[in-house]
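A closer look at the structure
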Number of protein chains: 2
Amino acid sequence: MPEETPARPAELALRPVTPALASYLAGSRLAGAGELAFSDGMPDTRLIPYAVLARAYRHAMVASVRHNQLGYGEPAGTPGLRKAIADMLRMERGLNVHPEQVCVVRGSQMGIYLAARLLAGPSSCVVFESLSYPPAREAFRSCGATVLSVAQDEHGLLPDALEALCRTYPVRAVYVTPHHQFPTTVMLPADRRLRLLALAEQYDFAIVEDDYDHEFHYLRSPVPPLASMDRNGRVLHIGSLSKVLAPGLRLGYVVAAERVVERCAAEILLIDRQGNQLTELAVGELMASGELHRHIRRALKIYQARRDFTAACLAERLGGRAQFDLPAGGIALWLRFAPWVDMERLVEDCAGQGLRISNGQIFTQDPEPVQALRLGFGHLTERELDSGIQRLAAALKRQEAG
Amino acid sequence: MPEETPARPAELALRPVTPALASYLAGSRLAGAGELAFSDGMPDTRLIPYAVLARAYRHAMVASVRHNQLGYGEPAGTPGLRKAIADMLRMERGLNVHPEQVCVVRGSQMGIYLAARLLAGPSSCVVFESLSYPPAREAFRSCGATVLSVAQDEHGLLPDALEALCRTYPVRAVYVTPHHQFPTTVMLPADRRLRLLALAEQYDFAIVEDDYDHEFHYLRSPVPPLASMDRNGRVLHIGSLSKVLAPGLRLGYVVAAERVVERCAAEILLIDRQGNQLTELAVGELMASGELHRHIRRALKIYQARRDFTAACLAERLGGRAQFDLPAGGIALWLRFAPWVDMERLVEDCAGQGLRISNGQIFTQDPEPVQALRLGFGHLTERELDSGIQRLAAALKRQEAG
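What counts, and at which threshold
Counting from 1, residues in each chain are numbered in the order their sequence is written. Both sets of labels track the order of writing: A upward for chains, 1 upward for ligands. A pLDDT threshold of at least 70 governs which residues receive local features in this predicted model, and a stricter bar of 80 or more applies before side-chain atom pairs are shown or counted, although totals over entire chains, interfaces and linings include all residues. As a rule here, side-chain values come from all non-hydrogen atoms in the structure, and water together with hydrogens is ignored. Secondary structure elements follow DSSP: runs of H or I no shorter than four residues count as helices, runs of E no shorter than two count as strands, and numbering proceeds from the N terminus. Based on C-alpha atoms, the radius of gyration is set beside the globule rule, defined as 2.2 Å times the residue count to the power 0.38. Each residue gets one of three labels from its accessible area relative to the maximum for its type: buried under 20%, exposed over 50%, partly exposed in between, using a 1.4 Å probe on protein chains only. Here, nonpolar core means buried Ala, Val, Leu, Ile, Met, Phe, Trp, Tyr and Cys residues that are tied together by side-chain atoms lying within 4.5 Å of each other. Alignment of copies: least-squares fit on C-alpha atoms of residues with pLDDT of at least 70 in both copies. Whether two strands pair comes down to DSSP finding at least two bridges between them. Contacts: residue pairs with any heavy atoms within 4.5 Å of one another. What gets called buried area is simply the loss in accessible area from a 1.4 Å probe that two parts show on being joined, summed for both. Should a side-chain nitrogen of Lys or Arg be within 4 Å of a carboxyl oxygen of Asp or Glu, the pair is scored as a salt bridge. Polar contact is the term for a pair of N or O atoms within 3.5 Å; when the atoms are in protein, one must be able to donate a hydrogen and the other to accept it, and sequence-neighboring residues count only if both atoms are side-chain atoms. Between the N-to-C directions of two axes lies an angle of 0 to 180 degrees, each axis being a line fitted to C-alpha atoms and, for a helix, fitted only over the stretch in contact. These descriptions rest on fixed angle ranges, namely under 35 degrees for roughly parallel, over 145 for roughly antiparallel, 65 to 115 for roughly perpendicular, and the rest for oblique. The hand of a helix crossing depends on one turn: near helix anticlockwise from the far one by less than a right angle means left-handed, and clockwise means right-handed. Amino acids are sorted into nonpolar (Ala, Val, Leu, Ile, Met, Phe, Trp, Tyr, Cys and Pro), charged (Asp, Glu, Lys and Arg) and polar (every other residue, Gly among them). Aromatic contacts are taken between Phe, Tyr and Trp rings whose centres are within 6.5 Å, Trp giving its six-membered ring; a plane angle under 30 degrees counts as stacked, one over 60 as edge-to-face, and the others as tilted. pLDDT gives the predictor's per-residue confidence on a scale running from 0 to 100. How far a helix is expected to stretch is found by multiplying one less than its residue total by 1.5 Å.

Counting its regular elements, chain A contains 12 helices and 14 strands. Whereas a compact globule of 402 residues would reach a radius of gyration of roughly 21 Å, chain A reaches 22 Å, a difference of no more than 12%. Expressed as lengths along the three principal axes of its C-alpha atoms, the size of chain A is roughly 75 × 65 × 60 Å. A total of 402 residues make up chain A; the buried ones form 61% of that total.

Attention now goes to the nonpolar core. General note: in soluble globular proteins, nonpolar side chains tend to be found buried as a group. In this structure, Leu 162, Phe 205, Leu 335 and Leu 346 of chain A together with Leu 162, Phe 205 and Leu 335 of chain B are the most contacted members of the largest nonpolar core, which totals 176 residues. Formed by 72 residues, the second largest nonpolar core is a distinct cluster that contains Cys 143, Ala 145 and Ala 173 of chain A together with Cys 264 of chain B.

Mapping chain B onto chain A leaves a residual RMSD of 0.0 Å; the transformation is a rotation of 180 degrees accompanied by 0.0 Å of translation along its axis. Such a combination of rotation and displacement between the chain copies is what one expects of a two-fold axis.

Here helix H5 (residues 134-142) of chain B lies mainly inside the structure; 8 of its 9 residues are buried. Those residues of H5 of chain B that sit buried are Pro 134, Pro 135, Ala 136, Arg 137, Glu 138, Ala 139, Phe 140 and Ser 142 of chain B.

Residue and element names in this part refer to chain B. Most of strand S9 (residues 235-240) sits inside the fold, with 6 of its 6 residues counted as buried. Pairing geometry for strand S8 (residues 206-210) and S9, over 4 bridges, is parallel. By the bridge assignment, Ile 207 is partnered in S9 with Val 235. The pairing of S9 with strand S10 (residues 252-255) spans 4 bridges and is classified as antiparallel. Following the sheet pairing, Gly 239 is matched in S10 by Tyr 253.

This next bit is on the interface of chain B and chain A. In this assembly, 74 residues from chain B lie in contact with 74 residues from chain A. Interface area for chain B against chain A, summed over the two sides, is near 6300 Å², with a carbon-plus-sulfur share of 60%. When the buried surface of chain B facing chain A is broken down by residue, Leu 12, Tyr 72 and Leu 270 of chain B rank first, second and third, together holding 13% of it. At the surface where chain B touches chain A, the tally comes to 2 salt bridges. For Arg 15 of chain B, the salt bridge goes to Glu 267 of chain A, with nearest N and O atoms at 3.2 Å. On inspection of chain B and its partner chain A, the count reaches 41 residue pairs in polar contact (both at pLDDT 80 or more). Taken together, the elements giving at least two residues each to the side of chain B that touches chain A come down to helix H1 (19-27), helix H2 (50-67), helix H4 (107-119), H5, helix H8 (258-271) and helix H9 (277-288) of chain B. Of the residues forming the side of chain B that touches chain A, the biggest block, 8 residues, is contributed by H8 of chain B.

All names here are of chain B. The strand order across the open sheet formed by 3 strands is S11-S12-S14, and the pairing between neighbours is antiparallel. Only two strands of the sheet have a single partner each, and these edge strands are strand S11 (322-323) and strand S14 (372-376). Sitting on the sheet, helix H10 (residues 291-318) is in contact with S11, strand S12 (332-337) and S14, with an inclination near 15 degrees to S12.

Bringing the packing of helix H11 (residues 343-352) of chain B against helix H12 (residues 382-401) of chain B into the picture now. Residues and elements named next belong to chain B. Viewed as axis vectors pointing N to C, H11 and H12 meet at an angle of 130 degrees, and their least axial separation amounts to 9 Å. The angle between H11 and H12 places the two elements in the oblique class. H12 is crossed by H11, and the crossing has right-handed handedness. Together, Arg 345, Leu 346, Asp 349 and Cys 350 of H11 and Leu 392, Ala 395, Leu 396, Arg 398 and Gln 399 of H12 make up the contact between the two elements. Residue classes in the contact of H11 with H12 are distributed as 5 nonpolar, 1 polar and 3 charged.

For the coordinates displayed, the defined rule picks out 16 aromatic pairs over all chains. With 5.8 Å between their ring centres and 80 degrees between their planes, Phe 182 of chain B and Tyr 212 of chain B make a pair best called edge-to-face. Of this pair, Phe 182 of chain B sits in the loop between strand S7 (171-176) and helix H7 (190-203) while Tyr 212 of chain B sits in the loop between S8 and S9, and the two are 30 residues apart along the sequence. For the pair Phe 182 of chain B and Tyr 212 of chain B, a shared accessibility class is recorded, and that class is buried. Feature note: the residues Tyr 133, Phe 182, Tyr 212, Trp 334 and Phe 363 of chain A constitute an aromatic cluster, connected by ring pairs.

This paragraph deals with the confidence of the model for chain A. Residues and elements named next belong to chain A. Per-residue pLDDT for chain A has a mean of 92; in total, 96% of the residues score no lower than 70. Low confidence marks residues 1-9, where pLDDT is under 50. Its contacts with residues over four positions away, or in another chain, come to 2 contacts. This prediction of the complex comes with two scores: 0.95 for pTM and 0.94 for ipTM.

Residue and element names in this part refer to chain B. Strand order in the open sheet formed by 7 strands is S2-S10-S9-S8-S7-S3-S4, and the pairing between neighbours is mixed. The open sheet terminates on both sides in strands that have one partner only, identified here as strand S2 (102-105) and strand S4 (146-150). Across this sheet, the average inter-strand angle for adjacent strands is 20 degrees, counted without regard to direction. Of the strand pairs in this sheet, strand S3 (residues 125-129) and S7 are connected by 4 bridges, and their pairing is parallel. When the bridges of S7 are listed, Phe 128 appears paired with Tyr 175.

According to the stated counting rule, one finds 52 salt bridges over all chains in the structure shown. Here Arg 117 of chain A makes a salt bridge to Glu 267 of chain A, at a shortest N to O gap of 2.7 Å. Placement of the pair is Arg 117 of chain A in helix H4 (residues 107-119) and Glu 267 of chain A in helix H8 (residues 258-271), with a sequence separation of 150 residues. Assigned by exposure class, Arg 117 of chain A and Glu 267 of chain A land together as buried. Residue Glu 201 of chain A is joined to Arg 234 of chain A by a salt bridge in which the shortest nitrogen-to-oxygen separation is 3.2 Å. Residue Glu 201 of chain A is found in helix H7 (residues 190-203), and its partner Arg 234 of chain A is found in the loop between strand S8 (206-210) and strand S9 (235-240); the two are separated by 33 residues along the sequence. Classification of Arg 234 of chain A as buried rests on a relative accessible area of 2%. The network of salt bridges with common partners includes Arg 15 of chain A together with Arg 117, Arg 263 and Glu 267 of chain B.

Another point: unusual backbone geometry. Cis rather than trans, the peptide bond between Phe 182 of chain A and Pro 183 of chain A has omega equal to 5 degrees. On the secondary structure map, Pro 183 of chain A appears in the loop between strand S7 (171-176) and H7. With phi around 55 degrees, Asn 68 of chain B is a residue other than glycine that occupies positive phi space. Mapped onto the elements of the fold, Asn 68 of chain B is located in the loop between H2 and helix H3 (79-93).

Taking 1.5 Å of rise per residue, the 18 residues of H2 of chain B would be expected to cover 26 Å, and the 25 Å separating its terminal C-alpha atoms lies within 8% of that figure. Within H2 of chain B, burial applies to Tyr 50, Val 52, Leu 53, Ala 54, Ala 56, Tyr 57, Ala 60, Met 61 and Ser 64 of chain B. On its buried face, H2 of chain B sits against helix H2 (50-67) and helix H9 (277-288) of chain A together with H9 and H10 of chain B. Trailing H2 of chain B by a residue or two, Asn 68 of chain B shows a phi angle of about 55 degrees, which is positive.

Laid out in structure tokens, this is it:
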């Protein structure tokens, strides 16, 4: 009798990736060599103030030796950086917070993830606008929440639609990007902000305010964040230093009531224990010395010029084939196409020309077609923008021709 | 009619901290000024090679400018560091891995957390030795797993007891620290390792091998990790650069089958997107150049001398009041006390003398009393060790006297 081949052992069963995350991942991989990509709103890493950053790291290293600071530290962040962030938020966003209300995290994604860990659970519902940020939606879903979609219009979230959801479902949190709605870039009007806060009180939910690129705003007096109007500790305000300094440094923060920050710190102990102290010391110095502020002002001018160039270029080359509203802030715009445009074909056609764009469909979990794309202009020079828009225009014209 | 005072709005309901985590946190806070603490096995941050590290950071900054590397990168880590880690594991641990099997994470805690995210679920059971590492247990519990205790003896985990659990419960993963059992420091014998791997196959569970201080081993030929004997991709091997370089840099790694590493990367996208690229570049250089290896050899000699000093000092000052086995590796030892010692009183009494020790009870979730403590000696000089052991001896003598 021939020996039986032993059965191939079963592979380890792992929790699967959700289809929504998989499609977002596929749509947002980094640009390859020689490829242009409009991204979903990346900063230009060529603007990173390397010399200034290198000096701050040198100082941080010296301070680490002197104060023996590269051991285990506080999960909520180094005291200097927490204070620098609180100071910045007080001066520039009208947020009256003290350092104990600031938790340093690894980029805004970790702030979102912590919010999901604290607020979501197997029987909870979390609301996102129909068009929103997929990694945030998936973070909440991965922590057990049921993710609901609320309708939005050209000004953002519709409070009446949200209230209807709250009447039916146990809504525990609402995720919003009121400063520059992701992906549509619009600013949530004051009356809807007040209504949102009132609903949070009435239906006992938390507001996760992702203020991911607050600093890049082109109006003279930007609207203060929702958190500045929060009287009852219902808002978890999330910010990032990735966009204003360097994504590769992984620095962000959660601002919330002290007890929420303490809970964040306890979660951090389970997730990654604490942040990179050297980086926290270095960036704390850049903030305290005003260097970061100066860098942001320089970058802001460049981004504003790129926004204006992009707008002019789109108007000239695309004509009536696409519409957009000039965003008041941020480093991306939302380009809407007529119903005759086949978005999937457009994405493929552009890829063939070495231009990567993402189908706006990746931003929603709803079945309705999204005839739009998010066009990040911040990371490209005018020459690159022009070249990319030319390719997009050519692809559109080919489609129009049949 | 007087106006009604509005009811104070309910506070946001947050997921609570588990009691086990709370007690571990309380027991393991950092030493205050003027306080001595035996810790649970911290490295000596005074040994960090600051000059070498500073130079590597300078080089990393230059490389970042040249290759524009501080933007968004790969969630599984920078290619250079993944390769450096794979090379090190091949040469020093007999792990035949390629870079695609390495996922860079923020300290070993994040490796544990990722394992918990991938393996644990609401109806799964995860097994820990009765005495184990509480943040690991809590990470799995926080991801929904039921945590079971398996009995251990003076050589570590008892395979028969594990098999009995596997027959009764749906065991999905077993967490072990076979190189230096945490907290008891013993090495898991070869026959139990083989048995553990066979059980993993038979009962279809994963082995999470936390090799947290592999490098600090004082035998000429350290035993290779479980992962080196793993034929079927059942072991998730977790390592750390915190202990050998600097905890404050937050670098660790997960080594596993490629599909497991890919799933880790997808989780990372939800949790913190990616690591700190500057740090990864800098440490990748330290590894490739051999600087890290040289530093580890220097530190190892110091730690071995401290281990021997601690052993001699304990034998001399404590006499028969406590027993220990000289650990073959690691930077802590497990000090066992006679039944007459009141551990809580001992902890309090030492605290009164400016010496922080942790009651061994914090390492278990079982009700049986733990008449022992983990004495971390690596972070203290001989003078500090002597002073701490004197205080411990005095507290014991006071208790003995009544």
